[in-house]
Every structure is written in structure tokens, then in C-alpha cells.
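Okay, here's what each chain looks like letter by letter:
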Amino acid sequence: VADQQLATYIKLAVDQVRDPYRFEPLHSSLREPFDYYEFGKRFFAPMVSLNESVILGEEQLARMTEQLAAGENIVIFSNHQIEPDPTVLSILLDDKYPTLCPKMISVAGDRVTTDPMAAPMSL
């Protein structure tokens, strides 16, 4: 399985070199015909130790989910350090809060949209 994930990732990066995706200022994740969101989760999941991970502030996560369901907007400020941080957040939260991360908008620098190695995880 890991070999397949790595081969897919390399193919996606090569595709970006050959024909870079042109990101709009506001980009929604591409889920069809290839689901980049789920691919990113499958790719990074083996690197996340769910048994040793701690999620703090779950009462706030529950409240945010309720607010979103009521049609409200929420803003989360954070300083993530590496490109897969939003994906890791999805790995940690999607099972219990399935509507939160897929709709999240992450603000990022141009590296995540122009680097062929990073862009596939941003699509």
C-alpha cells in the first residue's frame, strides 16, 4: 500500500511539473475525478500516531460544528509550520467532526501552490 501511495504521489508531482495546476485566489479542494483530500489523508495517516495524539478543546470543536450547521462562519487562527498540517488536522478530526475540515479554508503562501512537490497536497 505504501508503495502505491508513493507512486501516486510521484506521478502527481510529475504531472505538476508538466502541467501546473493554476490555483485561483480562493481554491476549493478537488474531489473528482481524483479525490486529493482523501489521498492526502491516506498518504500522511501512517505518519500520525492516533493512539498517542491528544486533541484539546473538543468542546470548542463541537461548538464550531454546531455554528457551521446553523449557517454561521467561524475563523480559526493558527500558525502551521509545514504543508501537511491541515491534512494532519483532518486525519485527527474527520472521524468525530466529519463536516469541519473538508470545508476549512487554509491561507497559505505561494510555495504550496507553485512547488510541484507541495501542490498535489493542496489540490
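Residues numbered from 1 in each chain as written. Predicted model: local features only at pLDDT ≥ 70, side-chain atom pairs only at ≥ 80, totals over all residues. Heavy atoms only, no water.

### A short note on unusual backbone geometry
Phi is mostly negative for residues that are not glycine, and the peptide bonds are mostly trans.
Then comes step 1: Here the bond from Glu 32 into Pro 33 is cis, since omega is -5 degrees, no more than 30 degrees from zero.
Then comes step 2: Note that Pro 33 resides in the loop between α1 (2–18) and α2 (36–44). (Helix = DSSP H or I, 4+ residues; strand = E, 2+ residues; numbered from the N terminus.)

### Some thoughts on the packing of α1 against α2
Then comes step 1: Interaxial distance between α1 and α2 falls to 10 Å at its minimum, and their mutual angle equals 130 degrees. Relative to α2, α1 is oriented oblique. Relative to α2, α1 is oriented so that their crossing is left-handed. In this structure, α1 uses Gln 5, Leu 6, Thr 8, Tyr 9 and Leu 12 to contact α2, whose residues at the interface are Tyr 36, Phe 39, Arg 42 and Phe 43. (Axes fitted to C-alpha atoms, helices over the stretch in contact; angles between N-to-C directions. Parallel < 35°, antiparallel > 145°, perpendicular 65-115°, else oblique. Left-handed = near helix turned anticlockwise from the far one by under 90°. Contact = heavy atoms within 4.5 Å.)

### Digging into the side chain of Gln 5
Then comes step 1: You can see Gln 5 is positioned in helix α1.
Then comes step 2: By relative accessible area, which is 13% here, Gln 5 ends up buried.
Then comes step 3: Residue contacts for Gln 5: discarding those within four places in its chain leaves Phe 39, Arg 42 and Phe 43. (Buried < 20%, exposed > 50% of the residue type's maximum accessible area, 1.4 Å probe, protein only.)

### Some thoughts on the pattern of salt bridges
Then comes step 1: Scanning the model with the defined rule gives seven salt bridges in all.
Then comes step 2: Note that Asp 35 and Arg 31 form a salt bridge whose closest N and O atoms lie 2.7 Å from each other.
Then comes step 3: Classification of Asp 35 as partly exposed rests on a relative accessible area of 22%. (Salt bridge = Lys/Arg side-chain N within 4 Å of Asp/Glu carboxyl O.)

### Description of the nonpolar core
Then comes step 1: Grouped together as the largest cluster of nonpolar side chains are twelve residues: Tyr 9, Leu 12, Phe 23, Tyr 36, Phe 39, Phe 43, Phe 44, Val 48, Ile 91, Ala 119, Met 121 and Leu 123.
Then comes step 2: Per-element accounting of this core gives the leading share, four residues, to α2.
Then comes step 3: Beyond its immediate chain neighbours, meaning those up to four positions away, Met 121 contacts Tyr 9, Phe 39, Gly 40, Phe 43 and Phe 44.
Then comes step 4: If you look at the next biggest cluster of nonpolar residues, it comprises seven residues, including Leu 61, Tyr 97, Leu 100 and Cys 101. (Core = buried A, V, L, I, M, F, W, Y, C linked by side-chain atoms within 4.5 Å.)

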